[in-house]
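Observations on the model geometry
Here are the chains, one letter per residue:
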Amino acid sequence: MQNQHEDQTRQQYIRMTQTPIGKLIGTLAIPTIISMLVTNIYNTADTYFVSRLGTSASGAVGIVFAFMTFYQAIGFMCGHGAGSFVARFLGAKSPDKAKMFAASTFFLSSLLGTLLSLAFYLNLNRVLYFLGSTKTILPYARQYAVWILIAGPFLSASCTLNNLLRYEGRAMYAMIGLTTGGILNMIGDPILMFGFGMGVSGAGLSTCLSQIISFLILLSMFCIHITVTDVSPRRISTELSTYWEIMKVGSPSLLRQGLNAASTILLNQQAKVYGDPAIAAMSIVGRMSFFIGACAIGTGQGMQPVISFNYGARKYKRVRESFHFTVKMAAALLSVFAVVCMIFARPIITWFRDDPEVIEIGTVALRWACVSALFQPLSVPINMMFQSIGKSGRALFLSALRTGLCFIPLIEILPLYLGLTGIEIAQPVSDITAALISVPFAVSFLRQLKARKEPGEIQAAPVPEKKEC
């Protein structure tokens, strides 16, 4: 068994450091893109089925979905934070350290998810009102939320395991775990809600069961040793510094999730001035922007394990090649999606809603979003590159740009002078600004990387690297 595991580790090292960059990133990015799209589709299906029970029930799902973002934030923080170390240690041929980080972060995310569920349960009504529930929505929200609280720790752990698989270069296995749960949820919703007459509670139970099944599938891949790392309790670190490093490197992911939630609240508050059609239109545009942006995010996530692994192996040329290929691939994919959505913007909005006001507002906003999508292949890979190699200060700053440092002032200021148009263009202007700010960071780092010595090479004239902020 020991020899077999060593052979597996060696084969994975050869694959991540010798496979042509284009082929390697492609095989890692495509499953990730598919996983993201399936996840979004099943969230949409959940909303669709519950909306058939009435407006209050539909509002309850929107309120409780906020719960899931908290659990996802924990999972992404732990998964990205430890995944960067896992890939770099595997690249540096230190599998024992990689296993220690994998096991530690798995139990950290499970613990934090459990504590979060307990805190929410003890203050459930208060939390639901804080998230926007009304007295008529509250009974439905409680029915749904109870199941989500049970599923929450499994969701956090699943997000962590999913990212550990990706950073090992096993994105296909991660896709299987996530998409299986999503498909089961889409099947389970109508059966439990209408077949068994459980209503909103049935939708919550379906989501809970699908999350647990996804978790078990992902966990089984570590238990049957498909992976190099494992999550055995005996490998858990007793050093607090380990958990600090995980949270520090994973903090950009946590910040992104938090800022996404905050930006959505601010956008809805500004759109509220122009009535329900404006809120509905911007919601639809946000969903379509996710579909378009999934190409950039998925491609960037395919790049992350390649960069982490080769950075740890001191194969800096492959790090640079990985970044350049990712930018080109993301630009090509997003250009196609952006052009199609720009041409068919009106029919797309009409497919969601046939309200003339919604169509008019949404069509303009979606076309602006298509323009800004062309800049995401710059900002998204740059941010992910720094997080992958442990440059947490730069990654934290860059992750705060798009939905925080740039967007929040714009969504507050632009509507004062441009009215509804200011709301429609706030996110696109933020995307463009974030990309322009990010580029100099990447150029400087890639120049420094070019001068670094690889094993067996003569070092070029050194370029001093600035200390991490």
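Let's talk about the pattern of salt bridges
One pass over the full model with this rule turns up three salt bridges. Notably, a salt bridge pairs Arg235 with Asp230, separated by 2.9 Å at the nearest N-O pair. Under the relative-accessibility criterion, Asp230 is labelled buried at 9%. In this structure, Lys248 and Glu245 form a salt bridge, with 3.6 Å as the shortest nitrogen-oxygen distance. With Lys248 and Glu245 both in helix H9 (residues 240–272) and three residues apart, the pair spans about one turn of that helix. Judged by relative accessible area, Lys248 falls into the partly exposed class, the value being 31%.

Notes on unusual backbone geometry
Excluding glycine, a negative phi dihedral is what most residues carry, and trans is how most peptide bonds are arranged. You will see that Arg314, though not glycine, has its phi angle at about 60°, which is positive. Checked against the element boundaries, Arg314 lands in the loop between helix H10 (276–312) and helix H11 (316–343). Residue classification places Arg314 among the partly exposed positions, given a relative accessible area of 39%.

So, the environment of Leu396
Here Leu396 is to be found in helix H15 (residues 392–405). Sequence-wise, Leu396 and Arg256 are 140 residues apart; in three dimensions their C-alpha atoms are separated by 8.8 Å. In this structure, Leu396 is in contact with Ser251, Pro252 and Leu255, ignoring residues within four places of it in sequence.

About the cut-offs
Residues numbered from 1 in each chain as written. Predicted model: local features only at pLDDT ≥ 70, side-chain atom pairs only at ≥ 80, totals over all residues. Heavy atoms only, no water. Salt bridge = Lys/Arg side-chain N within 4 Å of Asp/Glu carboxyl O. Buried < 20%, exposed > 50% of the residue type's maximum accessible area, 1.4 Å probe, protein only. Helix = DSSP H or I, 4+ residues; strand = E, 2+ residues; numbered from the N terminus. Contact = heavy atoms within 4.5 Å.

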